[in-house]
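Fold and contact review
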Amino acid sequence: MIQDYWRRSARSRESLLLIAGLLIVWEAVVRLLGVREFVFPPPSLIFADMAAAPAYFLRESLFTMVVTLSGFALALVLGVVFAVLIVYSPILDRTLYTLLVALNAVPKVALAPLFVIWLGTESKPKIAIAMLIAIFPILVDTVHGLRAIDPEMINMAKAGHASAAKTLWKVRFPNALPSIFAGMKVGISLALVGAIVGEFVAGDSGLGHVILVAQSSFDTPRLFAALVLLGVLGTLLFKMVDWIETLVIPWHVSHRGKRGAAKPLKLPRQGASAAVP
C-alpha cells in the first residue's frame, strides 16, 4: 500500500520540488541583484505578509471561491440544458447557438458594468459574470459530446423502442461525459477569471478587491500574495473537477492507471517445467 501511494504521488512530489526550486532561485536573484521590494518582492516577504494576516486572506479567498463555484454551477446547468436543446432542435441550433457564439465574442469586461447596473454591487453581478465566461466551453464540449456518437448505437436504441428521453439519458449522455468534463475543466478556470473581473469592476470583498487595494497603495507584497492565492485556488478547483471525473468515468482512457497500475503478469522462468495433467 505504501509503495502504491508513493508511486501515485510521484507527480505531486515532482511539482512541489519544481515550485520549491523556482522559489529558491527567485529569492536568490532578487537578493543578489538588489531589486527593490515594491518592484519585485522576494518570496519570503510575500509569505511573511500572508502569515501576518491569515484570517484576512482566508476570508477573501473563501469569498472568491464561493462566487466562482456559484457561477460555475450555473454555467454547468445552463450549458448542459442549452446543449441538449441545441442538439435536439435544428431551430435552436441555428439561432441560440449563433447568439451564444456572438455573445462569447464580446469582451466580458465590457459587459460587467451592465451586470452591476442590473444586479447591484453585491455577489450577484460577480456570479453572473463568472457564469457568462464559463458557460461557453461547457456548452460547446457538451454539444460535441452529444453529437459524437456512433449512429449504430442510436439505431439500436430505436430498434429497442427507446424513447427520446431514454436515448438521451442511457446512450447520448454517457457518451458525452468525457467531453462534458473537458468543458468543465476549462469552465472552472474561466469562472475564477470571471469572479475576479466582477471584483475588479464592483466589489469590496474577494481576492480581486485585495489586488485593487494593494495596487492603489503600492503594496506589492500583498498584491503578489493575492496572486499566489489565486494560483493555489485555481489549481485546487481544477483538481476537484479532475477528481470528480475520475470517480464518475474511471473507465475513460485518461484515468486508467490513476488508482494504481496493474501488476505485471508473472511468466514462468526459462527451463521451468509445467505440470501436464
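The structure presented is a predicted model; accordingly, all values stated were derived computationally and were not measured.

Brief notes about the nonpolar core
Within the largest apolar cluster, 45 residues are counted, with the highest numbers of intra-cluster contacts made by Phe57, Phe72, Leu139, Val143 and Leu146. Broken down by secondary-structure element, the contributors of at least two residues to this core are helix H3 (43-52), helix H4 (54-88), helix H5 (90-105), helix H7 (123-147), helix H9 (164-201), helix H10 (207-216) and helix H11 (220-248). With 10 residues, H9 is the single largest residue contributor to this core. With near-sequence residues (within four places) excluded, Val143 lies in contact with Ala83, Ile86, Val87 and Tyr97. Formed by 8 residues, the second largest nonpolar core is a distinct cluster that contains Leu111, Ile129, Leu132 and Ile133.

Details of unusual backbone geometry
Residues other than glycine seldom take positive phi values, yet Phe218 does so here, at roughly 55°. Relative to the elements of secondary structure, Phe218 occurs in the loop between H10 and H11.

What about the pattern of salt bridges?
One pass over the full model with this rule turns up 6 salt bridges. The residue Arg59 makes a salt bridge to Glu60 at a minimum N-O spacing of 3.5 Å. Residue classification places Glu60 among the buried residues on the basis of a relative accessible area of 5%. Arg147 is the salt-bridge partner of Asp93, the closest N and O atoms lying 2.8 Å from each other. Of the two residues, Asp93 sits in helix H5 while Arg147 sits in helix H7, which places them 54 residues apart along the sequence.

Let's talk about the packing of aromatic side chains
The full count for this structure, using the stated rule, is 6 aromatic pairs. Seen from their ring centres, Phe40 and Phe224 are 5.4 Å apart, and the 85° between their planes marks the pair as edge-to-face. Of the two residues, Phe40 sits in the loop between helix H2 (10-33) and H3 while Phe224 sits in helix H11, which places them 184 residues apart along the sequence. Classification of Phe224 as buried rests on a relative accessible area of 17%. On the basis of an interplanar angle of 15° and a centroid distance of 5.5 Å, the ring pair of Trp169 and Phe173 is categorised as stacked. One end of the pair is Trp169 and the other is Phe173, both in helix H9 and 4 residues apart, which spans about a single turn. The exposure class of Phe173 is partly exposed, given its relative accessible area of 23%. Taken together, the ring pairs in this structure connect Trp26, Phe40 and Phe224 into an aromatic cluster.

Here is what the cut-offs are and how they apply
Residues numbered from 1 in each chain as written. Predicted model: local features only at pLDDT ≥ 70, side-chain atom pairs only at ≥ 80, totals over all residues. Heavy atoms only, no water. Core = buried A, V, L, I, M, F, W, Y, C linked by side-chain atoms within 4.5 Å. Buried < 20%, exposed > 50% of the residue type's maximum accessible area, 1.4 Å probe, protein only. Helix = DSSP H or I, 4+ residues; strand = E, 2+ residues; numbered from the N terminus. Contact = heavy atoms within 4.5 Å. Salt bridge = Lys/Arg side-chain N within 4 Å of Asp/Glu carboxyl O. Phe/Tyr/Trp six-rings, centres within 6.5 Å; stacked < 30°, edge-to-face > 60°.

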